[in-house]
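Listed below, chain by chain, are the residues.
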Amino acid sequence: MSVSGKKILIAVSGGIAGYKIHFLIRDFVKKGAEVQVIMTPDAENFVTKLSLSTLSKKPVYSDFYSDNGTWNSHVEMALWADVMIVTPCTANTLSKMVHGMCDNLVIATYMSAKCPVFIAPAMDLDMYAHPSTKKNLELAESFGHIIIPAENGELASGLIGQGRMAEPATIFNTVEHYLSSDIQSRSLEGKTVLITAGPTYEAIDPVRFIGNHSSGKMGFSLAEEASKRGAKVILISGPSFQIINDPNIELYKVTSAKEMLAKVFEFYESVDIGIASAAVADYAPKEVAKEKIKKNDENLTIELVKNPDILKTMGEKKTHQFLVGFALETQNEEENAKGKLEKKNLDMIVLNSLRDEGAGFKNDTNKIKIFTKTEKKEFNLKSKDEVAKDILNFVEAQLLK
Ligand SMILES: Cc1cc2nc3c(=O)[nH]c(=O)nc-3n(C[C@H](O)[C@H](O)[C@H](O)COP(=O)(O)O)c2cc1C
């Protein structure tokens with residue numbers, strides 16, 4: 001029974017579906033889980049602390065401060081939890097969560113949590129369909145949280161549509177399934193993984209640069225997946241709009257290839273696995289103009305010089321690290337990828353081809369082939385989060401050999 005002995009932190013916000021939480025608590029307690037309930041001040045209008053604490057067998061908190069002059073530690077509760085479930089999650093609480101509006105105990109606890117976070121939204125149908133709710137749910141998902149979508153049916157307002165909080169049994173089953181699935185396996189516990197991501201920008205003058213279309217998404221997905229598996233993750237990213245909300249991931253932002261190289265070698269010695277998914281510019285302007293270059297002449301020639309080859313240097317300096325490179329090719333894909341594997345002293349290379357629709361830069365999906373010196377494996381087009389799982393599964397299988 002996978003929830004037995006697990007520490008479940010249930011955060012209740014002020015929605016009419018709060019009455020269903022009693023059943024959810026009862027299910028977890030019955031299956032041997034420890035349940036701690038916290039609530040927003042507004043949720044007290046919908047459910048009583050007495051009923052929730054009776055079922056959870058623990059005091060229920062809604063305020064930072066206790067009457068006796070002590071405080072209720074959001075940090076302690078957050079670190080205690082194996083999973084946090086925000087349910088029902090109002091439009092208001094969802095918005096505060098994704099924008100860091102930390103003005104109550106629930107949000108402060110959420111922002112201190114390192115565990116997986118489940119969100120079961122509940123709203124009237126127009127609130128649920130509102131673009132801000134949709135955007136906020138997408139943001140929450142991008143943080144790696146698991147959304148348990150609202151269901152269709154009759155709403156408290158009398159309207160019929162999507163917005164009803166998922167049934168307690170659905171929430172319970174989702175969490176139970178998660179806890180028993182291999183997503184939870186801490187297979188990289190004790191390992192340090194260094195990942196490079198995104199493009200590099202090579203300055204031409206104070207306002208212009210040479211760059212590329214890399215979004216950084218693949219590297220960020222790899223970082224999140226490695227962290228879920230218990231690794232300590234060092235993520236070194238060139239300019240990118242990706243965001244991360246995982247305290248196990250140390251994010252270092254750099255701009256140019258030279259900066260990325262320097263940052264990589266601050267850590268390289270101590271890492272177990274290096275994954276170079278960044279699209280590093282091969283060349284940089286020989287000289288960076290101090291002032292903005294004016295539009296005077298008909299032609300402008302910029303002399304480019306070779307950038308340091310970060311991956312090759314990682315290969316040369318490899319002692320114990322398992323080193324993974326990426327190849328984005330437009331022609332002779334396999335040949336080029338295998339050549340890179342050899343030349344750069346890699347243990348594994350991930351090939352994506354710009355010829356495959358939905359693969360490579362910018363897309364949220366990718367279609368990859370993995371090569372080692374002796375193996376080749378082909379994968380279907382998948383989301384980059386799923387691709388990250390395939391890559392790390394492959395790495396782990398190699399480490400066991
Ligand atoms: C009777 C009633 C029912 C409500 N139900 C919901 C709901 O299901 N979902 C929601 O997002 N807001 C609902 N609200 C509005 C929230 O209670 C309100 O936005 C509040 O500020 C939420 O605070 P909290 O997120 O801090 O708990 C309801 C309000 C009332 C008066």
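Residues numbered from 1 in each chain as written. Predicted model: local features only at pLDDT ≥ 70, side-chain atom pairs only at ≥ 80, totals over all residues. Heavy atoms only, no water.

### A word on the layout of surface pockets
- Size it by volume and the largest pocket reaches roughly 950 Å³.
- Forming the boundary of the largest pocket are 41 residues, of which Ala278, Ala279, Val280, Asp282 and Lys340 lie nearest the centre.
- Mapped by element, the contributors of at least two residues to the lining of the largest pocket are β8 (192–197), α9 (217–228), α11 (310–316) and β16 (322–329).
- Looking at the lining of the largest pocket element by element, the count peaks at four residues for β16.
- Put simply, the second largest pocket is a space of about 730 Å³.
- Forming the walls of the second largest pocket are 28 residues, and the residues nearest its centre are Glu141, Ser142, Gly144, Glu224 and Asp385.
- The leading source of residues in the lining of the second largest pocket is α9, at six residues.
- The residue inventory of the lining of the second largest pocket, partitioned by class, reads nine nonpolar, eight polar and eleven charged.
- When residues are assigned to domains, the lining of the second largest pocket turns out to be shared by domain 1 (7–184) and domain 2 (192–399), each giving three or more. (1 Å grid on protein atoms, 1.4 Å probe; cavity = no way out; pocket = protein on both sides within 12 Å on 5 of 7 lines; lining within 4 Å. Points joined across faces, edges and corners; volume = space filled by probe spheres on them. Helix = DSSP H or I, 4+ residues; strand = E, 2+ residues; numbered from the N terminus. Nonpolar A, V, L, I, M, F, W, Y, C, P; charged D, E, K, R; others polar. Domains from an automatic or database assignment.)

### Side note on the packing of aromatic side chains
- The final tally for this structure, using the stated rule, is six aromatic pairs.
- Here the aromatic rings of Phe118 and Tyr178 are separated by 5.4 Å at their centres, their planes lie at 90°, and the arrangement is edge-to-face. Of this pair, Phe118 sits in strand β4 (residues 117–121) while Tyr178 sits in helix α8 (residues 168–180), and the two are 60 residues apart along the sequence.
- In this structure Tyr178 comes out as buried when scored by relative accessible area, which is 8%.
- Considering the side-chain rings of Phe265 and Tyr268, the 5.2 Å spacing of their centres and the 70° angle between planes classify their relative orientation as edge-to-face.
- A relative accessible area of 27% means that Phe265 is categorised as partly exposed.
- Accessibility expressed as a relative area gives 2% for Tyr268, which makes it buried.
- A cation over a ring is seen here: Lys317 above Phe265, with NZ or CZ 5.3 Å from the ring centre. (Phe/Tyr/Trp six-rings, centres within 6.5 Å; stacked < 30°, edge-to-face > 60°. Buried < 20%, exposed > 50% of the residue type's maximum accessible area, 1.4 Å probe, protein only. Lys NZ or Arg CZ within 6 Å of the ring centre and 35° of its normal.)

### A closer look at the domain arrangement of the chain
- Annotation of the chain at the domain level lists domain 1 (7–184) and domain 2 (192–399).
- Each partner contributes to the interface: domain 1 provides eight residues, whereas domain 2 provides six residues.
- Of the roughly 670 Å² buried between domain 1 and domain 2, counting both surfaces, carbon and sulfur atoms make up 54%.
- Summed over the shared surface of domain 1 and domain 2, the number is zero salt bridges.
- The interface formed by domain 1 and domain 2 holds zero residue pairs in polar contact (both at pLDDT 80 or more) in total.
- Class assignment of the residues belonging to the side of domain 1 that touches domain 2 gives a composition of five nonpolar, two polar and one charged. (Contact = heavy atoms within 4.5 Å. Buried area = accessible area lost by both parts, 1.4 Å probe. Salt bridge = Lys/Arg side-chain N within 4 Å of Asp/Glu carboxyl O. Polar contact = N/O pair within 3.5 Å; in protein donor to acceptor, adjacent residues only side chain to side chain.)

### Observations concerning the sheet that holds strand β3 (residues 83–89)
- The strand order across the open sheet formed by five strands is β2-β1-β3-β4-β5, and the pairing between neighbours is parallel. Each edge of the open sheet is held by one strand with a lone partner, namely β2 (34–39) and β5 (146–147).
- As paired strands, strand β1 (residues 7–12) and β3 are joined by four bridges and run parallel to one another. Directly across from Ile8, in β3, lies its bridge partner Val83.
- With respect to the sheet, helix α5 (residues 105–112) is in contact with β1, β2, β3 and β4, its orientation differing from that of β2 by roughly 130°. (Pairing = 2+ DSSP bridges. Axes fitted to C-alpha atoms, helices over the stretch in contact; angles between N-to-C directions.)

### A closer look at the environment of Leu159
- Secondary-structure assignment places Leu159 in the loop between β6 (151–154) and β7 (160–164).
- Relative accessible area serves as the criterion here: at 39%, Leu159 is assigned to the partly exposed category.
- The sequence separation of Leu159 and Asp124 amounts to 35 residues, and the corresponding C-alpha distance is 7.8 Å.

### Section: the site of the ligand
- Lining the immediate environment of the ligand, one finds 14 residues, of which Gly14, Thr40, Thr90, Thr93 and Ala122 sit closest.
- Between Asn92 and the ligand, the recorded distance is 3.1 Å, taken from a side-chain N or O atom to an oxygen atom.
- Within the side chain of Thr93, a nitrogen or oxygen atom sits 2.5 Å from an oxygen atom of the ligand.
- Expressed as a share of its isolated accessible area of 640 Å², the protein-covered part of the ligand is 65%.
- Counting residues per element, the shell around the ligand draws most heavily on helix α4 (residues 91–99), which supplies three residues. (Near = heavy atom within 4 Å. Areas by Shrake-Rupley, 256 points an atom, 1.4 Å probe, with all protein chains shown as cover.)

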